[in-house]
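Reading the structure
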Amino acid sequence: MDIRTLAGRLGLSIGTVSRALNDRKDVSPATRQRVLEAAAQFGYIANQFGRSLRIGRTGTIGFMLTLEHDSALHGDPFFMALLEGVQAGLFAHGLDLVILLARKGEDGDTFLRRHIARGTVDGWLLSGTQHEDARIALLIERDIPFVALGRTASATDYAWIDLDFEGVVARALALLLADGHRRIGLIAPPVTINNSHVVVAEYRAALVSAGLPIDEALIHHGDSDEQDGELATRALMALIPPPTALLLMGETAPVGAYRALRGLGCEPGRDIAVIGLRDNPTCRALSPDLTCFTLDLNALGLALAEELVAILADRDSGTRAPLQRRWPMELRLRDSHRAARLEGDRAGRL
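Residues numbered from 1 in each chain as written. Predicted model: local features only at pLDDT ≥ 70, side-chain atom pairs only at ≥ 80, totals over all residues. Heavy atoms only, no water.

- Per an unreviewed UniProt entry, the protein carries the name HTH lacI-type domain-containing protein and comes from Sphingomonas endophytica.

This is the structure we're talking about:
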């Protein structure tokens, strides 16, 4: 049944029926109730395509994911928990969430331009922000509402929420330095990813503050997944002298690192200290239990949704400053960092 037929059944104008279905204030409560009951009785479903053309909105938000991202590639529950919060936040405002997945190797800017041309969604949520991210420049140029899960070096005046990578590295390094470690290997994401630059800068700052030299050989950039964690750990442990501690800034890198260390006859948590990025379910089976960081992914998703909803509501006035926030992560102390404390002459030799 279309809206014209529904209006005829009720003896009302199409405009009145449309206003009642869209909960407009210029329709009496009794008329609105009558229209809604009839729509349910006769199985009326609004033509969403036609409605979108009339009002210039789709009522949907797009979350762009890419298979280049470690978590998406390996089906990690990071995004499932995050998207649950996003969906809840959007649903409360009558908005739907669609996941738009770019193919592996596909240019993100081209992908986004295609969907902008189609008018697929009203606003965007981006992840995996690059150091120089053409997607963000494009959305700013087109004045399209968006919020990024992450920062970039190429633009500053936009809304973002990023994990507090500075705090993660600072707390991890403080813990390891306090235990006497002087050669700390860092396994960081690829240099194209912005958080890789944040992580390395904080790592360098912590060493300089401790009066230690920076050995570039101890810094590894890679996919920071399980395979890369294994290969990078083997390469770092081949250095002379090898590191006495590892900081792994990848979701599944600790799994590969544990495997590599044991293959070299080195026991995590006893012969070498290991700290991971996040309390990833994939890493929970590791023994000894991994020292890492936790966060509330559902709350993070809700915050992303609420900021985008606020931007959509403020489009006409444009008076509010965009939210820019580092999302806190809590240190989860377990056993993997508890290698034998390095003191005195031994720490100096290493």
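Points about the overall build of the protein
- Within the protein one finds 14 helices and 12 strands.
- A burial count over the protein gives 50% of its 350 residues as buried.
- Accessible area of the protein: about 16700 Å², with a carbon and sulfur share of 52%. (Helix = DSSP H or I, 4+ residues; strand = E, 2+ residues; numbered from the N terminus. Buried < 20%, exposed > 50% of the residue type's maximum accessible area, 1.4 Å probe, protein only. Areas by Shrake-Rupley, 256 points an atom, 1.4 Å probe, with all protein chains shown as cover.)

Some words on the nonpolar core
- Of all hydrophobic cores here, the largest spans 55 residues; its most connected members are F63, L173, L186, Y203, M249 and L300.
- Here this core spans two domains, and each of domain 2 (60-163 + 296-329) and domain 3 (165-294 + 332-342) adds at least three residues to it.
- Beyond its immediate chain neighbours, meaning those up to four positions away, L173 contacts I184, Y203, A206, L207 and L247. (Core = buried A, V, L, I, M, F, W, Y, C linked by side-chain atoms within 4.5 Å. Domains from an automatic or database assignment. Contact = heavy atoms within 4.5 Å.)

Quick word on the state of the cysteines
- Applying the stated criterion across every chain, the model contains zero disulfides.
- Left unpaired, C283 is separated from the closest cysteine sulfur, that of C292, by 7.3 Å. (Disulfide = S-S within 2.5 Å.)

Points about the packing of helix α2 (residues 14-21) against helix α3 (residues 29-42)
- Interaxial distance between α2 and α3 falls to 9 Å at its minimum, and their mutual angle equals 90 degrees. When the axis of α2 is compared with that of α3, the two are roughly perpendicular. Contact with α2, carried on its side by T16, V17, A20 and L21, involves T31, R32, V35, L36 and A39 of α3 and no other residues of that element.
- Here the residues of the contact of α2 with α3 are counted per class, giving six nonpolar, two polar and one charged. (Axes fitted to C-alpha atoms, helices over the stretch in contact; angles between N-to-C directions. Parallel < 35°, antiparallel > 145°, perpendicular 65-115°, else oblique. Nonpolar A, V, L, I, M, F, W, Y, C, P; charged D, E, K, R; others polar.)

Describing the side chain of R32
- Take R32: it is sitting in helix α3.
- You can call R32 buried: its relative accessible area is 16%.
- A polar contact of 3.2 Å, which involves the side chain of R32, links it to the backbone oxygen of V27. (Polar contact = N/O pair within 3.5 Å; in protein donor to acceptor, adjacent residues only side chain to side chain.)

Here we look at the sheet that holds strand β9 (residues 273-278)
- A sheet is described by the order of its strands in space; here six strands give the open sequence β7-β6-β8-β9-β10-β12, paired in mixed fashion. Each edge of the sheet is formed by a strand with only one pairing partner; in this case those strands are β7 (219-221) and β12 (330-332). Put simply, the sheet's adjacent strands are angled 15 degrees from each other on average, direction ignored.
- Sheet topology places strand β10 (residues 291-294) next to β12; three bridges connect them, and they run antiparallel. Directly across from T294, in β12, lies its bridge partner E330.
- Contacts between helix α12 (residues 253-263) and the sheet are confined to β8 (245-248) and β9, with β8 contributing the most and set at about 155 degrees to the helix. (Pairing = 2+ DSSP bridges.)

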